[in-house]
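Summary of structural features
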Amino acid sequence: MSTIFRAITPDELTAFVNTSSIGFGESNAWFEREVPWVSSSLERTIAGFEGDAVVSTSRNYPFEMTVPGGASLHVAGVSAVAVLPTHRRRGLLREMMTRLLVDAVEHEEPVSILTASEASIYGRFGYGASVLAGSVSIAKHAVTFSRPRPAGRLRLIDVDEAGKVEPEVFERLRRVSPGAVSRPELWWHHHYEPSFGTRFDALYESPSGSVDGYVTYSVRDKWTAAGAAHSLAIRELIGCTPDAVHALWRYLTEIDLVQTIVAHSIPLDSPLTWLLTSLRAAQINNIHDNLWARLLDVPTALGARTYAVPGRLVLAIDDPVRPGEAADGAFALDGGPDGATVARVGDDPDLVCDVAVASTAWLGGVRWSQLAVAGLVDERTPGALSTADAMFASTPLPYGYTWF
Ligand SMILES: CC(C)(COP(=O)(O)OP(=O)(O)OC[C@H]1O[C@@H](n2cnc3c(N)ncnc32)[C@H](O)[C@@H]1OP(=O)(O)O)[C@@H](O)C(=O)NCCC(=O)NCCS
């Protein structure tokens with residue numbers, strides 16, 4: 001039977017989420033939470049139908065993303081990508097991705113982004129792992145801090161208060177954090193999975209009473225003959241000021257009965273290790289792809305950000321997935337700390353690469369020279385890689401914050 005691709009109607013939402021949850025091998029609890037989150041902008045879903053049956057799912061969410069320099073860019077967030085196990089490796093994903101990219105362009109979104117279940121899937125569609133993150137594991141007994149405790153106070157809050165306060169604090173941080181994406185109101189209802197265990201939320205208030213940060217975490221209790229050996233998992237730690245970040249890490253490491261603390265994703269430039277007397281007490285490991293980006297309109301995407309130092313580069317970008325479109329060709333970038341202009345030019349490039357590689361380097365999370373050493377960038381003008389490294393560098397490093 002041939003597959004028809006189209007957006008779903010509201011009465012097909014349950015079937016859509018059901019197929020998606022089978023595809024991801026998820027639980028019923030996941031399904032319950034996913035339905036409201038998926039229910040927005042249904043016209044941006046793309047599902048594969050065989051008769052009335054939904055055999056594959058995908059969609060775009062309209063997000064805003066902060067780029068280096070602080071501007072906000074409209075981007076398409078690809079999500080709910082799944083194909084029933086009975087229908088895999090017949091090209092359904094390829095068809096949906098082709099349509100999702102067209103949908104993003106039609107909505108004037110110059111970049112498509114996603115968080116990936118597997119790192120091997122999306123390079124072929126022009127995506128690059130533009131934001132990297134690490135995991136951290138803290139041996140609590142080994143932790144001491146090198147600086148005095150920041151002033152201010154910590155306050156435990158319930159889920160209702162967290163629902164009111166945390167979105168505002170997150171929004172403050174997200175607006176100044178490259179790589180961070182906006183969170184629609186519905187996102188907040190779906191992000192904490194019951195399988196994580198009991199949820200706790202703590203706020204950090206500065207001495208002047210400003211709520212500058214929060215942490216959401218779960219604790220799993222474990223009692224042994226030798227006493228308690230609880231483990232604590234950080235779901236999200238958001239600090240808008242250095243004191244907030246310090247105070248929240250400190251709070252977590254001082255919770256009694258907890259032996260180990262883990263966070264599955266933290267920014268690679270997190271100050272955590274430098275807050276401690278011994279940097280080995282917090283091991284940052286498991287460096288992984290945090291956010292994938294796919295340039296669709298190079299002049300708009302590269303022109304939206306600022307550059308650490310002034311410079312000019314001609315980039316020749318090959319987009320085999322969308323030849324002749326706005327991410328394919330040679331582009332002259334004239335950029336600096338005040339902004340940038342990007343124009344299509346004839347050839348004579350300084351650097352040559354594939355669109356997935358340009359997408360990887362776009363936010364400054366991965367250096368051009370590192371990609372060149374891997375054979376992914378061809379330096380045609382000597383010194384162009386150093387110029388590109390210096391221009392694209394981002395402080396802080398980009399970080400995605402939001403799984404979607
Ligand atoms: C990943 C998934 C959506 C792929 O769907 P699919 O319809 O089988 O993919 P297609 O047949 O369109 O494959 C397109 C290409 O991607 C490749 N591909 C597909 N899934 C892949 C995977 N998991 N790893 C590596 N390559 C993969 C195919 O080999 C094919 O490559 P080719 O064009 O070079 O021949 C499907 O396996 C799935 O539902 N997985 C579980 C849910 C999931 O992980 N979704 C992604 C969320 S980010």
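Reading guide: rules and limits
Residues numbered from 1 in each chain as written. Predicted model: local features only at pLDDT ≥ 70, side-chain atom pairs only at ≥ 80, totals over all residues. Pairing = 2+ DSSP bridges. Helix = DSSP H or I, 4+ residues; strand = E, 2+ residues; numbered from the N terminus. Axes fitted to C-alpha atoms, helices over the stretch in contact; angles between N-to-C directions. Contact = placed C-beta atoms within 7 Å. Near = placed C-beta within 6 Å. Nonpolar A, V, L, I, M, F, W, Y, C, P; charged D, E, K, R; others polar.

Turning our eyes to something else, we now look at the pairing of strand 16 (residues 329–336). When strand 15 (residues 311–318) meets strand 16, the two strands line up antiparallel, connected through seven bridges. Bridge pairing links valine 314 to alanine 332 in strand 16. Sheet topology places strand 16 next to strand 17 (residues 339–345); seven bridges connect them, and they run antiparallel. Note that in strand 17 the partner of leucine 333 across the bridge is valine 342. Following strand 16, the chain reverses through two residues before pairing antiparallel with strand 17.

What links the strands of a sheet is backbone hydrogen bonding, and the strands pair in either a parallel or an antiparallel sense. Sheet architecture is open: five strands sit in the order 17-16-15-18-19, paired in mixed fashion. Either end of the sheet is taken by a strand with one partner, and the two such strands are strand 17 and strand 19 (377–379). On average, adjacent strands in this sheet sit at an angle of 25° to one another, irrespective of strand direction.

Reading across the sheet, the twelve strands line up as 1-2-3-4-5-14-6-13-12-9-8-7 and stay open at both edges, with mixed pairing between neighbours. Edge positions in the sheet fall to strand 1 (4–6) and strand 7 (153–157), since each of these pairs with one other strand and no more. Neighbour-to-neighbour, the strand axes of the sheet open up by a mean angle of 25°, direction not taken into account. Bridge count for strand 7 against strand 8 (residues 198–205) is five bridges, and the pairing is antiparallel. Of the residues in strand 8, the one forming a bridge with leucine 156 is alanine 202. Of the strands in this sheet, strand 6 (128–139), strand 7, strand 8, strand 9 (211–220), strand 12 (230–239) and strand 13 (258–267) are in contact with helix 6 (residues 242–253), which crosses strand 9 at around 25°.

Around the ligand there are 18 residues in total, and Arg88, Leu92, Leu93, Ser117 and Ser120 lie nearest to it. Secondary structure elements with two or more residues in the shell around the ligand: helix 1 (13–24), strand 4 (72–83) and helix 3 (92–106). Its residues assigned to classes, the shell around the ligand shows eight nonpolar, four polar and six charged.

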